[in-house]
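Analysis of the macromolecular model
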Amino acid sequence: MPFEQELQVAKEAVRKASLLCSAAQAGLVDSEKHDKADKSPVTVADYGAQALVLSTLAAAFPNDPAVGEEDSSDLRKEENAELFSRVVEYAQKVDGSLDAESVLAAIDRGKHAGGSQGRFWTLDPIDGTKGFLRGQQYAVALALIENGEVVLGVLGCPNLPVDPANANSEKGSLLFAVKGQGAFQAPLSEIDSATKISVDQIDDPAKAVFCESVESGHTAHGRSAAITNALGTSVEPFRMDSQCKYAAVSRGQASVYLRLPTRPGYEEKIWDHAAGYIVLQEAGGRIADTFGNPLDFSLGRTLKNNKGIVATSPAVFESVVKAVVDSAE
Ligand SMILES: Nc1ncnc2c1ncn2[C@@H]1O[C@H](COP(=O)(O)OS(=O)(=O)O)[C@@H](OP(=O)(O)O)[C@H]1O
Ligand SMILES: [Mg+2]
Ligand SMILES: [Mg+2]
Ligand SMILES: [Mg+2]
């Protein structure tokens, strides 16, 4: 099967990073959090997970570059020495061969520019850091892009119940997909016992369940309310952090994920979407931006030709895209 080794390495790397994140989330203290220059939060777990995943990929595929969200510049500052030493401690607990220098070097393997040539990985070590800090949903998101196309994706969702129909079931789900091979899920505790997943077949948008970001800075909640009203949707949209929203649509827990721009100049990052995109596509879903255009992952570190996201099960795609386009001022 194409990408068999890549998938195996990616699943194991995401599993290990998910363990690190769970351990850190359980007892996070102030010295383990930091605000980046753009004021967004980052934690020991974001850095530790990026170090673990990118060092694992470097060992298995030394010639593959990576586009990662984090870089080591803040960790190298004297004022963040305590944060840095906690990162190394967490990374070492999972991989004893990592030391301070190799942690910094692994994190900085994520500086690739992306683009349309050859292949590269893209990693969001914690997607939904704000959800992680609230003790809620987040995801470790890893994807492989080849000649501008997403060909493989793995989502580690440590707080997502394994059984979509039972919120009290075991927490910790791993979702993955390779282009043309379908989408699968396994418990994070047993990543080799995977089952196929697929989207729902609801064809009446009035019956569709919508999901969106928790953060009003990341999606326009007012506009999504106008869209669901226009479609006659009776169910309140549910809010969840991170690419777990792609997981929810991929497993039929929701029919629609809307991400509606809040700031005109914001460019979506490829690591915020690549893994969720291929999982949902392989589960039978459809994805476009808020103008109905296909997502273009070939343009660098951002989706600079797209605005927002509309991700749905197939039977409601056309009507939801139309309602989103019609809702534009
Ligand atoms: N203005 C704006 N618009 C859209 N998206 C933005 C914006 N600012 C930040 N981000 C990105 O949002 C990522 C988290 O998205 P979520 O949907 O999980 O939101 S949230 O978790 O509810 O906050 C978050 O990813 P992480 O930083 O990995 O958490 C950001 O990359
Ligand atoms: Mg971030
Ligand atoms: Mg993110
Ligand atoms: Mg992140």
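Residues numbered from 1 in each chain as written. Chains lettered and ligands numbered in written order. Predicted model: local features only at pLDDT ≥ 70, side-chain atom pairs only at ≥ 80, totals over all residues. Heavy atoms only, no water.

Re helix 6 (residues 221-230)
By the burial criterion, the buried members of helix 6 are H221, R223, S224, I227 and T228. The buried side chains of helix 6 occupy one side of the element, clustering within an arc of 160 degrees when seen end-on. Exposed and facing more than 90 degrees away from the buried side of helix 6 are G222, N229 and A230. The inward-facing, buried residues of helix 6 abut strand 10 (210-212), strand 11 (238-239), strand 12 (256-259) and helix 9 (317-326). (Buried < 20%, exposed > 50% of the residue type's maximum accessible area, 1.4 Å probe, protein only. Helix = DSSP H or I, 4+ residues; strand = E, 2+ residues; numbered from the N terminus. Arc of directions from axis to C-beta. Contact = heavy atoms within 4.5 Å.)

Some details on the UniProt feature "binding site: Mg(2+)" (unreviewed entry) in the protein chain
UniProt's entry tags E69, D124, I126, D127 and D272 with the feature "binding site: Mg(2+)" (unreviewed entry), counted in the numbering of this structure. Spatially, the listed residues are clustered: although they cover 204 residues, their C-alpha atoms lie within 9.6 Å of one another. Exposure remark for D127: the relative accessible area of 9% places this residue in the buried category. Ignoring sequence-local partners within four residues, the contact set of D127 consists of Y138, A139, S242, Q243 and D272. Relative to the helices and strands, D272 resides in the loop between strand 12 and helix 8 (274-282). A relative accessible area of 12% means that D272 is categorised as buried. In this structure D272 touches D124, D127, Q243, Y246 and Y266, once residues within four positions along its chain are discounted. (UniProt positions renumbered as here; feature names shortened; annotations may be inferred.)

Observations regarding the site of ligand 1
Taken together, 20 residues sit near ligand 1, with S213, E215, D241, S242 and D272 positioned nearest. Between ligand 1 and the protein, one listed contact pairs an oxygen atom with a side-chain N or O atom of E69 at 3.0 Å. Measuring from an oxygen atom of ligand 1, one finds a backbone N or O atom of I126 at 3.0 Å. For the shell around ligand 1, the element with the most residues is strand 4 (residues 119-127), which contributes 3 residues. When residues are assigned to domains, the shell around ligand 1 turns out to be shared by domain 1 (4-197) and domain 2 (205-327), each giving three or more. (Near = heavy atom within 4 Å. Polar contact = N/O pair within 3.5 Å; in protein donor to acceptor, adjacent residues only side chain to side chain. Domains from an automatic or database assignment.)

Quick word on the coordination of the magnesium ion (ligand 3)
For the magnesium ion (ligand 3), the full set of protein donor atoms is D124 (OD), D127 (OD) and D272 (OD), at a range of 1.9 to 2.1 Å. Between the magnesium ion (ligand 3) and the magnesium ion (ligand 2) there is a metal-metal distance of 5.2 Å. Of this pair, D127 sits in strand 4 while D272 sits in the loop between strand 12 and helix 8, placing them 145 residues apart in sequence. Pair check on accessibility: D127 and D272 agree, each one buried. (Donors = N, O, S within 2.8 Å, 3.2 Å for Na, K, Ca; no water.)

As for the side chain of H273
Relative to the helices and strands, H273 is located in the loop between strand 12 and helix 8. Residue contacts for H273: discarding those within four places in its chain leaves Q243, Y246, Y257, R259, E268, F297, L303 and I309.

A look at the nonpolar core
Soluble globular proteins tend to bury their nonpolar side chains together. Counting 50 residues, the largest nonpolar core has V103, W121 and L152 as its most contacted members. Contributing elements (two or more residues each) for this core: helix 1 (4-26), helix 2 (44-60), helix 3 (81-94), helix 4 (100-107), strand 4, strand 5 (139-146), strand 6 (149-161) and strand 7 (171-178). Counting residues in hydrophobic clusters, the runner-up holds 39 residues, among them F120, C157, A183 and A283. (Core = buried A, V, L, I, M, F, W, Y, C linked by side-chain atoms within 4.5 Å.)

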